[in-house]
Structure formats: C-alpha cells, structure tokens
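So you can see what is in the structure, the chains are spelled out below.
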Amino acid sequence: MAEETITFPDLGLIEQVEALLATLALPHDAEFRVEPAFDYPGQQVAIDLAAMTDESLNTLVEAVRDGLFMKFRIATRTCSELDREILAKQTA
C-alpha cells in the first residue's frame, strides 16, 4: 500500500475538507483520513492518503490538492515535500 499525507494550516476547515473529499472523483482503491496534524510545525490539518499503487496514490494526491485549491484556495504540501525542505535547511 502506498501512502502520503497532505498538510495545511487551517484547522477551522477540517469538517468542510472531510465533506469535500467525499465528493471528489478519487481512484477506486483510495483511502483517506482527515485529522489534526501534530508532526509538522505550522500545519494544523493532516489528510492521510493511501492507495494500492504509486500511480493510484499520485492520482489521489493530485485530485485532493486540486480539490482543496479549487474550493478553498489552499495551496498544500505533502509531508514528503516538507521533509525535504526541513532536511535542506538542516544541511545548508
């Protein structure tokens, strides 16, 4: 199972995000969970995503990011992207 997490800083939208995800055209093997984010400074909401293949996961991540941007004008980052940014700052 391939997994990724999308984070963003607005906890006030958590219920609306859950409702939005239920309306998106997501891959048939997609799973998601929306919860408060505790692992990344400045981020308040985590959307945990899972799919059976990397290709399906990439489609899922893209669909969720696009949906969040279109509905709420939220630009999001994945935790993989945040981890790379943190590592780059530590090694700079």
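Look up: the structure comes first, before these words.
All of the points below concern the structure found in this document. (Residues numbered from 1 in each chain as written. Predicted model: local features only at pLDDT ≥ 70, side-chain atom pairs only at ≥ 80, totals over all residues. Heavy atoms only, no water.)

### Here's the deal with the environment of R77
Link 1 in the chain: With respect to the secondary-structure elements, R77 resides in strand 4 (residues 77–78).
Link 2 in the chain: Given a relative accessible area of 33%, R77 falls into the partly exposed group.
Link 3 in the chain: On a C-alpha basis, the gap between R77 and F8 in space is 7.2 Å, while along the polypeptide they are 69 residues apart.
Link 4 in the chain: Contacts of R77, omitting those with residues within four sequence positions, involve T5, I6, T7, Q43, R65, L82 and E85.
Link 5 in the chain: In terms of polar contacts, R77 uses its side chain to reach the side chain of E85, at 2.4 Å. (Helix = DSSP H or I, 4+ residues; strand = E, 2+ residues; numbered from the N terminus. Buried < 20%, exposed > 50% of the residue type's maximum accessible area, 1.4 Å probe, protein only. Contact = heavy atoms within 4.5 Å. Polar contact = N/O pair within 3.5 Å; in protein donor to acceptor, adjacent residues only side chain to side chain.)

### Quick word on helix 1 (residues 14–23)
Since the α-helix advances by 3.6 residues per turn, residues separated by three or four positions end up pointing in the same direction.
Link 1 in the chain: Among all positions in helix 1, only I14, V17, L20 and L21 are buried. Taken around the axis of helix 1, the buried residues stretch over an arc of 115 degrees, which confines them to a single face. Along helix 1, exposed side chains directed more than 90 degrees from the buried face belong to E15, A22 and T23.
Link 2 in the chain: Buried residues along helix 1 sit in contact with strand 1 (2–8), strand 2 (31–36), strand 3 (45–51) and helix 2 (54–72). (Arc of directions from axis to C-beta.)

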